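# Residue-level structure breakdown
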Amino acid sequence: MRADDDSPFEVQGAFAEHGAALYSFALNALGDRAEAEDCVQEAFIRAWRSRGRYSTSRGSVRTWLFAITRNLVIDALRARARRPAPSDPEKIEWASEPVTEDLLIVERLVLYESLATLTYEHREVIAAVQLDGVGYQELSERTGIPVATLRTRMYYGMRSLRTAMGGDAHDDGNAFAARGAHRRGADGRPQ
């Protein structure tokens, strides 16, 4: 169809003449064959519905069809941007893992619950030495309990604590157990 032709819009002829170019344009813009086909089909449906308003004085059929298709492509891209992108399994795994701060809170709660299961004497020594950083000599002076007794309480208290926390007596993977491990003597007993 020529621009100076005043004949009405004819869908079959327009499709035969401009369909492939419109499809190429939509495919290039969208990168998806099915979406491009849908846009071209919708462009011709809209053109057919609006055929009475088409005037050759405003432009050629090709220009008019490209304008309609361009608007449909823009709409399709906007709709795509609103849709959530599919996630790959690695991202889903990562998102479902608890954050470090949550893990620390859970570990702290487990520690407090486990400390509550110990006798007062064991809990007192562990809290003073491991948590507050008080030395055995200073704790002995404060409480009047001999250093050797405090060390024995620490040893059995830590052993009970590891058991209460669900680990065995040699569990160095536990953050609390590992923290106390650097204060052990050559005989393996806490200092």
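To start, this report covers the structure provided alongside it.

Cut-offs used in this document
- Residues numbered from 1 in each chain as written.
- Predicted model: local features only at pLDDT ≥ 70, side-chain atom pairs only at ≥ 80, totals over all residues.
- Heavy atoms only, no water.
- Helix = DSSP H or I, 4+ residues; strand = E, 2+ residues; numbered from the N terminus.
- Expected span 1.5 Å × (residues − 1).
- Buried < 20%, exposed > 50% of the residue type's maximum accessible area, 1.4 Å probe, protein only.
- Arc of directions from axis to C-beta.
- Polar contact = N/O pair within 3.5 Å; in protein donor to acceptor, adjacent residues only side chain to side chain.
- Axes fitted to C-alpha atoms, helices over the stretch in contact; angles between N-to-C directions.
- Parallel < 35°, antiparallel > 145°, perpendicular 65-115°, else oblique.
- Contact = heavy atoms within 4.5 Å.
- Nonpolar A, V, L, I, M, F, W, Y, C, P; charged D, E, K, R; others polar.
- Left-handed = near helix turned anticlockwise from the far one by under 90°.
- Salt bridge = Lys/Arg side-chain N within 4 Å of Asp/Glu carboxyl O.
- Phe/Tyr/Trp six-rings, centres within 6.5 Å; stacked < 30°, edge-to-face > 60°.
- Lys NZ or Arg CZ within 6 Å of the ring centre and 35° of its normal.
- Core = buried A, V, L, I, M, F, W, Y, C linked by side-chain atoms within 4.5 Å.

In this section: helix H8 (residues 147-164). Here H8 spans 25 Å end to end across 18 residues, near enough to the 26 Å set by a 1.5 Å rise per residue. Taken residue by residue, H8 has Leu150, Met154, Gly157, Met158, Leu161 and Arg162 as its buried positions. Down the axis of H8, the sector holding all buried residues measures 130°, keeping them to one side. Away from its buried face, by an angle of more than 90 degrees, H8 presents the exposed residues Ala148 and Thr163. Among the residues trailing H8, glycine 166 stands out with phi positive, at a value near 95°.

For glutamate 10, the position within the fold is in the segment before helix H1 (11-30). Taking relative accessible area as the criterion, glutamate 10 reaches 37% and is therefore assigned partly exposed. Residues glutamate 10 and alanine 47, spaced 37 residues apart in sequence, show a C-alpha to C-alpha distance of 9.5 Å. There is a polar contact of 3.0 Å between the side chain of glutamate 10 and the backbone nitrogen of glycine 13.

Time to look at the packing of helix H6 (residues 120-131) against H8. Put simply, H6 and H8 touch, their axes get as near as 8 Å, and they point 95° apart. One finds that H6 runs roughly perpendicular with respect to H8. Contacts between H6 and H8 involve Glu121, His122, Val125, Ile126, Val129 and Gln130 from the former and Leu150, Arg153, Met154, Tyr156, Gly157, Met158 and Leu161 from the latter. In terms of residue class, the contact of H6 with H8 is built from eight nonpolar, three polar and two charged.

It is worth spelling out the packing of helix H2 (residues 33-49) against helix H3 (residues 61-82) at this point. Where H2 contacts H3, the axes come no closer than 9 Å and their chain directions differ by 130°. As the angle between them shows, H2 and H3 are arranged oblique. Remark: the crossing between H2 and H3 carries right-handed chirality. Between H2, through Glu35, Cys39, Glu42, Ala43, Phe44, Arg46 and Ala47, and H3, the contact on the second element is made entirely by Trp64, Leu65, Ile68, Thr69, Leu72, Val73, Ala76 and Arg80. Looking at the contact of H2 with H3 residue by residue, the class counts come to 10 nonpolar, one polar and four charged.

Scanning all chains against the criterion turns up three salt bridges. Glutamate 35 is the salt-bridge partner of arginine 80, the closest N and O atoms lying 2.4 Å from each other. A residue pair is termed long-range when its members are at least 10 positions apart, and arginine 80 in helix H3 and glutamate 35 in helix H2 qualify at 45 residues. By relative accessible area, arginine 80 is classed as partly exposed at 31%. Exposure remark for glutamate 35: the relative accessible area of 18% places this residue in the buried category. Residue arginine 46 is joined to glutamate 42 by a salt bridge in which the shortest nitrogen-to-oxygen separation is 3.1 Å. Highlighted residues: arginine 46 and glutamate 42, both in helix H2, separated by four residues, approximately one helical turn.

Here we come to the packing of aromatic side chains. The relation between two aromatic rings is expressed through the spacing of the ring centres and the mutual angle of the planes. Taken as a whole, this structure holds four aromatic pairs when the rule is applied. Ring geometry for tyrosine 155 against tyrosine 156: centres 5.0 Å apart, planes inclined by 80°, an arrangement best described as edge-to-face. Given the relative accessible area of 25%, tyrosine 155 is considered partly exposed. Over the face of the ring belonging to tryptophan 48 we find arginine 51, whose NZ or CZ atom lies 4.3 Å from the ring centre.

Take the nonpolar core next. In this structure, Phe9, Cys39, Phe44 and Leu65 are the most contacted members of the largest nonpolar core, which totals 19 residues. Put simply, the parts of the chain that give this core at least two residues each are H1, H2 and H3. If you tally residues by element for this core, the top one is H3, at seven residues. In this structure cysteine 39 touches Ala26, Leu30, Leu72, Val73 and Ala76, once residues within four positions along its chain are discounted. Counting 15 residues, the second-largest nonpolar core is a separate cluster that includes Val125, Ile126, Leu150 and Leu161.

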